[in-house]
Amino acid sequence: MRINEDTLLEGQNVVLVPYNENHVPRYHQWMSSSELQKLTASEPLTLEQEYDMQRSWREDDDKCTFIILDKQRWASPSVPEEDCMVGDVNIFLTDPEDPSLGEFEIMIAEPSYRGRGFGKEVTRMMMCYGVTKLGIRKFEAKIGMDNNVSIALFKKFQFQEVSSSEVFHEVTLQLTIDKEQEKQLLGNLDFMQEKDYKKARARRLGEESSID
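Parameters at a glance
Residues numbered from 1 in each chain as written. Predicted model: local features only at pLDDT ≥ 70, side-chain atom pairs only at ≥ 80, totals over all residues. Heavy atoms only, no water. Helix = DSSP H or I, 4+ residues; strand = E, 2+ residues; numbered from the N terminus. Expected span 1.5 Å × (residues − 1). Buried < 20%, exposed > 50% of the residue type's maximum accessible area, 1.4 Å probe, protein only. Pairing = 2+ DSSP bridges. Axes fitted to C-alpha atoms, helices over the stretch in contact; angles between N-to-C directions. Contact = heavy atoms within 4.5 Å.

So, about helix 5 (residues 118-133). The end-to-end C-alpha distance of helix 5 is 22 Å, a good match for the 22 Å that 16 residues give at a rise of 1.5 Å each. Of all 16 residues that make up helix 5, 12 are buried, and the element is covered over most of its length. One or two steps after helix 5, the chain reaches Gly 135, where phi turns positive at roughly 75°.

Below, the structure written as structure tokens:
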């Protein structure tokens, strides 16, 4: 989705950046894991297919994707951005007749970052972005029945289970953003900042003059 191609979202512990070509090799490495394939209900792709997928996610109007970075590591110019990658987060517009419905996905791919609150922070950031920038009024999450951690995460944000499928071995949770939900979600946005990604990246690398 082009809307976020120059957007960086900075939180307390994470930085969300657009999914670019330089991120693909690490992402492909992640998705070679049978564990992540199972958790995300994904099929393995070749590296070239992964590059095609990245281009699709960047250009298609129904996919909004950010790569999750470790903010502390990203703050060091000596650490390549790809080495700061933690996971990814997505909102898919799955119903052409209802652009206010967004399917939410989050993956903390690096095991050492699980259970440390990163998923919770990213989920709140992406929900705020979805409501304010994409016009999302109802979120939906489809999660494997065995993925108790993700199910618990979404329930913390008051998602409710609305259906389950034995065939696909997944549950569907939903959250409608009414006035009360919007007040709770957007009441204090000081926890994150929106910045220009290209400028922030150049500043990180000491290349400010090249973008002036």
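Additional details are given in the paragraphs that follow.
Bringing unusual backbone geometry into the picture now. Phi angles above zero are rare outside glycine, and Gln 158 is one such case at about 70°. In this fold, Gln 158 is placed in the loop between helix 6 (148-156) and strand 7 (160-165). Gln 158 sits in the partly exposed class, given a relative accessible area of 36%.

Moving on, we get to the sheet that holds strand 3 (residues 63-70). Picture the strands of a sheet paired through backbone hydrogen bonds; they go either parallel or antiparallel. The sheet built from 9 strands is open, its strands ordered 7-8-6-5-4-3-2-1-9 with mixed pairing. The two strands at the open ends of the sheet, each matched to only one other strand, are strand 7 and strand 9 (193-196). Direction aside, neighbouring strands of the sheet carry axes that sit 25° apart on average. Examined bridge by bridge, strand 4 (residues 85-92) and strand 5 (residues 101-108) share 6 bridges and lie antiparallel to one another. Paired with Ile 91 across the two strands is Phe 104, which belongs to strand 5. Lying over the sheet, helix 3 (residues 47-59) contacts strand 2 (14-18), strand 3 and strand 4, oriented at roughly 115° with respect to strand 3. Contacts from helix 8 (residues 197-204) reach strand 1 (7-10), strand 2 and strand 9 within the one sheet, and its direction differs from that of strand 9 by about 80°.

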